[in-house]
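An overview of the molecular structure
Each chain, letter by letter, is given below.
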Amino acid sequence: MSDAIQPTRLMEVAEEAARAGGAVLRDWLGRFTTREKGPADLVTDADLASQEAIRTIIAERFPDHEFLGEESSGGRGLPSDGTIVWVVDPLDGTTNYVHGFPFFAVSVAAVQGDSILAGVIYDPLQDAAYRAAAGAGAWLGTRRLSVSGVTELSEALVAVSFPPQVREDSPDLLDFLAVVDRCQAVRRTGSAALNLAGVAAGYLDAHWATAINAWDVAAGILLIREAGGIVTGVSGGPFDLWRADFLATSTPSLHAELCSCLGRPTK
């Protein structure tokens, strides 16, 4: 039965699947010649091909599990019977991918009920697999990951993910302006998954997003938790995978200061 599967076993399969999806993305990347000749169609093909490679491996290993991918999501939410669901983004950072900007990833997570059991974020260009299993830590190769010790916003390197459309009066832009004046620097990289991996690895100190999807963040949230970080909803309340908005930081004091800076006091 699926409820007897160890998180470490799920992590192993997540890494195998993520690497397969990443290999597909590397293969498709070489087929771009000019952006003007329909790169969107090729990227769609790359997304679908990566997702199919991931789905095939998971279905072979766990045929009784469910699958929710960015390119096949028919709805939101988890089954209520305890079935394990694989929550997958086959290409996080699509715009980067189209333009040849080398910052994109595959994200694969196994979720049961409200629990994220295992997750892997794979950077195919760096051949870097950030992986975590519930209760077993977060890892990059043989290195156990740990969040930074930064406690003050003035010393923090912070990442933000904006929604696709940001207007002049957008709350997301106002939040950015409030933070950029108080932290050491802000990064908007175009890949929420790699940003979350960066917080877990300690080279970013915080990351927040107000409008995002479960497949973008499921693996990364587990990575940060297993690396000792703090994850809540962006308002400071409990994180809800199916709302997916989040505030992730390295330390509680940094979390409290960032919440205050965003105008959302901790709950």
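Calculation notes
Residues numbered from 1 in each chain as written. Predicted model: local features only at pLDDT ≥ 70, side-chain atom pairs only at ≥ 80, totals over all residues. Heavy atoms only, no water. Helix = DSSP H or I, 4+ residues; strand = E, 2+ residues; numbered from the N terminus. Buried < 20%, exposed > 50% of the residue type's maximum accessible area, 1.4 Å probe, protein only. Contact = heavy atoms within 4.5 Å. Areas by Shrake-Rupley, 256 points an atom, 1.4 Å probe, with all protein chains shown as cover. Pairing = 2+ DSSP bridges. Axes fitted to C-alpha atoms, helices over the stretch in contact; angles between N-to-C directions. Phe/Tyr/Trp six-rings, centres within 6.5 Å; stacked < 30°, edge-to-face > 60°.

**Concerning the overall build of the protein chain**
Tallying secondary structure elements over the protein chain gives seven helices and 12 strands in all. Counting all 267 residues of the protein chain, 54% fall into the buried class. Expressed as a percentage of contacts within the protein chain between residues at least 6 apart in sequence, the contacts between residues at least 24 apart total 64%. For the protein chain, the computed accessible surface area is about 11,500 Å², with 50% contributed by carbon and sulfur atoms.

**Thoughts on the sheet that holds strand 12 (residues 246-249)**
Spatially, the five strands line up as an open sheet ordered 9-8-10-12-11, and their pairing is mixed. A strand with exactly one partner marks an edge of an open sheet, and here the two such strands are strand 9 (185-187) and strand 11 (230-232). Averaged over all neighbouring strand pairs, the angle between strand axes comes to 15 degrees, with direction disregarded. With three bridges joining them, strand 8 (residues 157-161) and strand 9 adopt parallel strand pairing. The partner of alanine 159 across the bridge, within strand 9, is arginine 187. In the packing of helix 5 (residues 192-201) onto the sheet, the strands contacted are strand 8, strand 10 (206-209) and strand 12, and the crossing angle to strand 10 comes to about 150 degrees.

**Observations regarding the packing of aromatic side chains**
A complete count under the given rule lists three aromatic pairs for this structure. When the centroid spacing of 6.0 Å and the interplanar angle of 15 degrees are considered together, the rings of phenylalanine 62 and tryptophan 86 count as stacked. Within this pair, whereas phenylalanine 62 is found in the loop between helix 2 (39-61) and strand 1 (66-69), its partner tryptophan 86 is found in strand 2 (residues 84-92), the two being separated by 24 residues in sequence. For the pair phenylalanine 62 and tryptophan 86, one class covers both residues: buried.

**Here we look at unusual backbone geometry**
Of note in this structure, aspartate 127 is not a glycine but carries a positive phi near 50 degrees. In this structure aspartate 127 comes out as partly exposed when scored by relative accessible area, which is 47%. The phi torsion at alanine 244 lies on the positive side, around 75 degrees, for a residue other than glycine. Positionally, alanine 244 belongs in the loop between strand 11 and strand 12.

**Digging into the environment of leucine 194**
Within the fold, leucine 194 resides in helix 5. Relative accessible area serves as the criterion here: at 2%, leucine 194 is assigned to the buried category. Put simply, leucine 194 and tyrosine 122 are 72 residues apart on the chain and 8.5 Å apart in space, counted from C-alpha to C-alpha. Look past the residues within four positions of leucine 194 in its chain and what remains in contact with it is Asp92, Phe103, Phe104, Ala105, Ile121, Asp123 and Tyr203.

By themselves, these figures tell us nothing about what the structure is for.
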